[in-house]
Amino acid sequence: MGGEDKNEGEKSGFEESGDERENQGSMKRVESESSLYDDDGEDAEGNKIELGPQCTLKEQFEKDKDDESLRKWKEQLLGNVDINNVGESLEPDVKILSLSIVSPGRSDIILPIPESGKPEGRWFTLKEGCHYNLKFSFQVSHNIVAGLKYTNNVWKTGVRVYNIKEMLGTFSPQLEPYTYLTPEETTPSGYFARGSYSAKSRFVDDDNKCYLEISYSFDIRKDWATAE
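Computed from a prediction, not measured in an experiment: that's the story for all the values here. The residue numbering used here restarts from 1 in each chain and proceeds along that chain's sequence as written. Where local features are concerned, this predicted model is filtered to residues with pLDDT of at least 70; where side-chain atom pairs are given and counted, the filter is 80 or more; whole-chain, interface and lining totals use all residues. Side-chain descriptors were evaluated using all non-hydrogen atoms of the structure, hydrogens and water having been removed beforehand.

**Examining the nonpolar core**
A general trend in soluble globular proteins is that nonpolar side chains are found buried together. Grouped together as the largest cluster of nonpolar side chains are 36 residues, with contacts concentrated most on L99, F136, F138 and F218. Each helix is a run of H or I in the DSSP string that is no shorter than four residues. Each strand is a run of E no shorter than two, and both are numbered from the N terminus. Here the element with the most residues in this core is strand β13 (residues 210-221); it accounts for six residues. Whether two residues are in contact is decided by their heavy atoms: any pair within 4.5 Å suffices. The contact partners of F138, leaving out residues within four places of it in the chain, are V94, K95, I96, L97, L148, F171, P177, Y178 and Y180. Note on terminology: a nonpolar core comprises buried Ala, Val, Leu, Ile, Met, Phe, Trp, Tyr and Cys residues joined through side-chain atoms within 4.5 Å. Think of it in three bands: with a 1.4 Å probe and only protein chains considered, a residue is buried below 20% of the maximum accessible area for its type, exposed above 50%, and partly exposed in between.

**Comments concerning the confidence of the model for the protein**
Confidence of the predictor in every single residue is expressed as pLDDT, which spans 0 to 100. In this model, the protein carries a mean pLDDT of 77, and residues with pLDDT of at least 70 account for 62%. Low pLDDT (under 50) marks residues 6-27, which in the prediction has 57 contacts with non-local residues, meaning those over four places away or in another chain. Note that residues 30-44 has pLDDT below 50 and, in this model, 36 contacts with residues that lie over four places away or in other chains.

**Comments concerning the pairing of β13**
Two strands form a pair only when DSSP identifies at least two bridges running between them. Summarising the sheet, strand β6 (residues 122-127) and β13 pair through five bridges and their orientation is parallel. The residue bridging K127 from the neighbouring strand is R221, located in β13. Pairing between strand β12 (residues 195-204) and β13: 10 bridges, direction antiparallel. Each residue of the ladder has a partner; that of S196, found in β13, is D219. Counting the residues that bridge the hairpin from β12 to β13 gives five residues, and of these N208 lies at a positive phi of roughly 65 degrees.

**Regarding unusual backbone geometry**
Positive phi, normally seen in glycine, also occurs at H142, with a value near 75 degrees. Checked against the element boundaries, H142 lands in the loop between β7 (131-141) and β8 (145-156). Despite not being glycine, T157 has its phi angle at roughly 50 degrees, a positive value. Among the structural elements, T157 can be located in the loop between β8 and β9 (159-171). Given a relative accessible area of 75%, T157 falls into the exposed group.

**A word on the packing of aromatic side chains**
Stacked, edge-to-face and tilted are the three classes for Phe, Tyr and Trp ring pairs, Trp counted by its six-membered ring, which pair at centre distances within 6.5 Å; planes under 30 degrees apart are stacked, over 60 edge-to-face, the rest tilted. Following the criterion strictly, the structure yields 14 aromatic pairs and no others. Ring pairs connect the aromatic residues W123, F124, Y197, Y216 and F218, which therefore count as one cluster. Geometrically, a charge over a ring is one whose NZ (Lys) or CZ (Arg) sits within 6 Å of the ring centre while staying within 35 degrees of the ring normal. Positioned above the aromatic ring of W224 is the side chain of R106, whose terminal nitrogen or guanidinium carbon lies 4.6 Å from the ring centre.

**Quick word on the pairing of β9**
As paired elements, β8 and β9 share 10 bridges and run antiparallel to each other. Note that in β9 the partner of V145 across the bridge is F171. What sits between the antiparallel neighbours β8 and β9 is a turn of two residues, in which T157 has the positive phi angle 50 degrees.

**Considerations on the environment of D206**
As for its position among the elements, D206 is in the loop between β12 and β13. Here the alpha-carbon distance between D206 and K149, two residues 57 residues apart in the chain, equals 8.1 Å.

**Quick look at the pattern of salt bridges**
Salt bridges are defined by distance alone: a side-chain nitrogen of Lys or Arg within 4 Å of a carboxyl oxygen of Asp or Glu. Per the counting criterion, the structure on display carries eight salt bridges. For R122, the salt bridge goes to D219, with nearest N and O atoms at 3.6 Å. In this pair, R122 sits in strand β6 while D219 sits in strand β13, placing the two residues 97 residues apart along the sequence. Among the residues examined, R122 registers a relative accessible area of 45% and is labelled partly exposed. Across the pair K200 and E213 runs a salt bridge whose closest N-O atoms are separated by 3.8 Å. Pair noted here: K200 is in strand β12 and E213 is in strand β13, with a separation of 13 residues, a long-range link.

Take a look at the structure:
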């Protein structure tokens, strides 16, 4: 939720070493394999991928039902989904239930999600030089959601300093919430890193349908805020 400007498949202009990128006054992030690949619905040559017609989950399950290998693959993908209770909706629905910041040596910071998508005031404070992960809890209903992604852009004094797209995956509908933990990140440290930042986080799928967008501000300080 703050740091180095990074697009998938692009170099930011900073030095890179192994699987990490590091910049003075910026985030250091251990890359996950999923975050290294561009997934905007284009193939390797930049051609737009044309998807087949959308259909309900029941229709998907009924297709090729005489093909045993396909049937087993669908059962594995859908898990314990009760096909009779998913409805006839073509569109999946994803509800973000909770967002939190996990950092060693302290309790998790639970971030309230306002209906307006714009938390009032500072949403949270990060300690400079700390290691942390983001944890998402979400529920999928109606249909399979393909290519669910978390994107985050961060600005300081009007300049974008961080940009990330994290592929969460493809999920079938189920009653139990899914939980996802992002790769570890490290906040920048030093005089120029401390201060206030503005940011925008989004959860979108392969069809660019947005399930949650939050515009917020946060601080990086010498220590954690006492109230958090």
